[in-house]
Amino acid sequence: MGTVLRIDMDGAVVVLSWPDGDTERRQVVRAAVGGVADAAVYHRRAQFHVHGNGQSERLAMNLSAWVLASVWRGMEIPYGFFGPVVVTGPQMDSLGEAMAVEVRAVCAAVADVREEWVTRQPAGEGPARAELLAAARYGVAALA
């Protein structure tokens with residue numbers, strides 16, 4: 001058993017139980033994302049598992065997962081993630097502790113910015129994206 005995280009659309013991070021067998025792991029991922037999952041790599045020590053049809057099924061955009069993938073890639077990802085996202089280690093292994101801390105830091109940074117937006121609207125979509133990415137990068141840099 002190791003650490004595997006689910007990032008919910010509201011930015012909450014949930015620790016999932018991670019079984020030993022591959023079949024059981026696929027079942028956990030499928031249940032966590034709410035359907036068939038596609039795997040994507042944005043960091044060499046982590047793997048995203050996203051709903052394969054989330055946008056078509058009109059699931060909410062997962063802003064925290066988008067920010068995390070963008071920070072890990074060092075650029076704005078030009079598409080969104082819809083629905084819950086499961087973050088595992090490579091090849092569906094458990095996530096290393098340093099990576100789990102990074103996931104939590106980015107999600108906390110996004111939550112802080114979104115909380116500020118309740119009373120102070122961003123100047124537009126571009127500045128909003130820039131603000132989220134800057135806050136997340138700062139949160140990750142603070143871990144070093």
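A brief structural summary. Throughout, a residue's number is its position along its own chain's written sequence, starting from 1. Local features are withheld for residues below a pLDDT of 70 in this predicted model, meaning they are given only at 70 or higher, and side-chain atom pairs are given and counted only at 80 or more; totals for whole chains, interfaces and linings count all residues. Computation of side-chain values covers all heavy atoms of the structure but excludes hydrogens and water.

### Regarding the pattern of salt bridges
Any carboxyl oxygen of Asp or Glu within 4 Å of a side-chain nitrogen of Lys or Arg constitutes a salt bridge here. The final tally for this structure, using the stated rule, is six salt bridges. Ionic pairing is found between E76 and R129, a salt bridge with its closest N-O pair at 2.7 Å. Placement of E76 in the loop between α2 (63–73) and β5 (85–88) and of R129 in helix α4 (residues 125–141) is noted, with a sequence separation of 53 residues between them. For every residue, the accessible area (1.4 Å probe, protein chains only) is compared with the maximum for its type, and the residue is labelled buried under 20%, exposed over 50%, or partly exposed between those bounds. A residue is classified by how much of its surface remains accessible, and E76, at 35% relative accessible area, is partly exposed. With a closest N to O distance of 2.6 Å, R120 and E131 form a salt bridge. Within this pair, whereas R120 is found in the loop between α3 (97–116) and α4, its partner E131 is found in helix α4, the two being separated by eleven residues in sequence. Among the residues examined, E131 registers a relative accessible area of 22% and is labelled partly exposed. Shared partners join several salt bridges into a network, and the residues in it are E76, E125 and R129. The helix and strand labels rest on DSSP assignments: H or I over at least four residues marks a helix, E over at least two residues marks a strand, and numbering proceeds from the N terminus.

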